[in-house]
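Here is how the chains run, residue by residue.
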Amino acid sequence: GVLAPNAPLQVAPADPAEFEFKGYTFKPLADFSIQARVLGRERYRSDRESNLAPIDLILGWGRMSDSGVLAPFTFSQSGRWFRYKTNQWTIPKSEVIQHSANMHIIPSTAELESKLNAIVVGQVINLEGSLVHVKAQDGWQWKSSMTRKDSGAGSCEVIWLRSLETD
């Protein structure tokens with residue numbers, strides 16, 4: 001059955017003030033929390049973003065957390081993108097798009113990074129943080145999606161992680 005029934009919660013940031021971390025400027029765009037099933041996990045080491053977000057998670061909620069729905073799907077990650085394949089659509093494609101996402105996770109502490117490193121596919125997790133827009137002095141930017149209805153370039157969430165609980 002469905003292991004994570006609720007949609008992510010996104011509200012205006014409690015503290016919208018910009019802050020610095022690892023030489024980057026962060027602007028909170030929204031406070032964000034989610035309970036979701038981990039559909040994929042990829043560690044990155046060599047791209048610029050890996051200094052901030054060493055792990056990307058594919059997360060699914062609603063029917064995208066149900067083993068019966070997920071059975072004919074395969075998921076993969078590379079280059080900060082996630083892909084899915086199926087030969088049997090158990091739910092409409094639009095629901096797959098709106099109930100799963102690739103999330104770039106920026107742990108705010110070493111303890112959270114350690115917890116993030118221990119996550120395995122299939123777990124149900126609860127995370128809280130902020131969707132953020134990250135900027136560097138050289139003009140580089142990384143901006144979170146603000147909707148779960150998008151797909152393709154720019155559709156990933158960039159999350160400043162403040163809390164992580166696993167099953």
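As a reminder, the structure under discussion sits directly above these lines.
Residues numbered from 1 in each chain as written. Predicted model: local features only at pLDDT ≥ 70, side-chain atom pairs only at ≥ 80, totals over all residues. Heavy atoms only, no water.

A.B. asks: Report on the side chain of H133, specifying residues and quantitative values.
C.D. replies: Along the chain, H133 turns up in strand β8 (residues 124-135). Within polar-contact distance, the side chain of H133 engages the side chain of Q141 at 2.6 Å. Excluding residues that lie within four positions of it along the chain, H133 makes contacts with T25, F26, K27, L29, Q141, W142 and K143. (Helix = DSSP H or I, 4+ residues; strand = E, 2+ residues; numbered from the N terminus. Polar contact = N/O pair within 3.5 Å; in protein donor to acceptor, adjacent residues only side chain to side chain. Contact = heavy atoms within 4.5 Å.)

A.B. asks: Which residues make up the pairing of strand β3 (residues 24-43), and what are the values?
C.D. replies: If a strand is regular, its side chains alternate between the two faces of the sheet. Of the pairings in the sheet, the one linking strand β1 (residues 9-11) to β3 comprises three bridges and is antiparallel in character. What sits directly across from L9, in β3, is S33. Note: strand β2 (residues 19-21) against β3, three bridges, orientation antiparallel. Its bridge partner being in β3, E20 is matched across the sheet by T25. In sequence, β2 turns back onto β3 through a hairpin of two residues, with K22 there showing a positive phi of about 55 degrees. Two elements, β3 and β8, share twelve bridges in a ladder whose sense is antiparallel. Of the residues in β8, the one forming a bridge with T25 is K135. Where β3 lies against strand β4 (residues 55-60), six bridges are found, and the strand directions are antiparallel. The residue of β4 that forms the bridge with R43 is I55. (Pairing = 2+ DSSP bridges.)

A.B. asks: Give a description of the pairing of β4 that names residues and reports values.
C.D. replies: With six of six residues buried, β4 is to be regarded as a mostly interior element. Burial along β4 is two-sided: I55, L57 and L59 facing one way and D56, I58 and G60 facing the other are all buried. In this sheet, strand β7 (residues 100-107) lies alongside β4 in antiparallel orientation, the contact comprising six bridges. Within β7, the position partnered with D56 by the bridge is H104. (Buried < 20%, exposed > 50% of the residue type's maximum accessible area, 1.4 Å probe, protein only.)

A.B. asks: Mind laying out the packing of aromatic side chains, listing which residues take part and the relevant values?
C.D. replies: If you walk through the whole model with that rule in mind, you get 13 aromatic pairs. Both rings, one in F21 and one in F26, keep their centres 6.0 Å apart while their planes meet at 80 degrees; by these two values the pair is edge-to-face. The exposure class assigned to F21 is buried, which follows from its relative accessible area of 18%. Judged by centre distance (6.0 Å) and plane angle (10 degrees), the rings of F73 and F75 are stacked. You can call F73 buried: its relative accessible area is 7%. (Phe/Tyr/Trp six-rings, centres within 6.5 Å; stacked < 30°, edge-to-face > 60°.)

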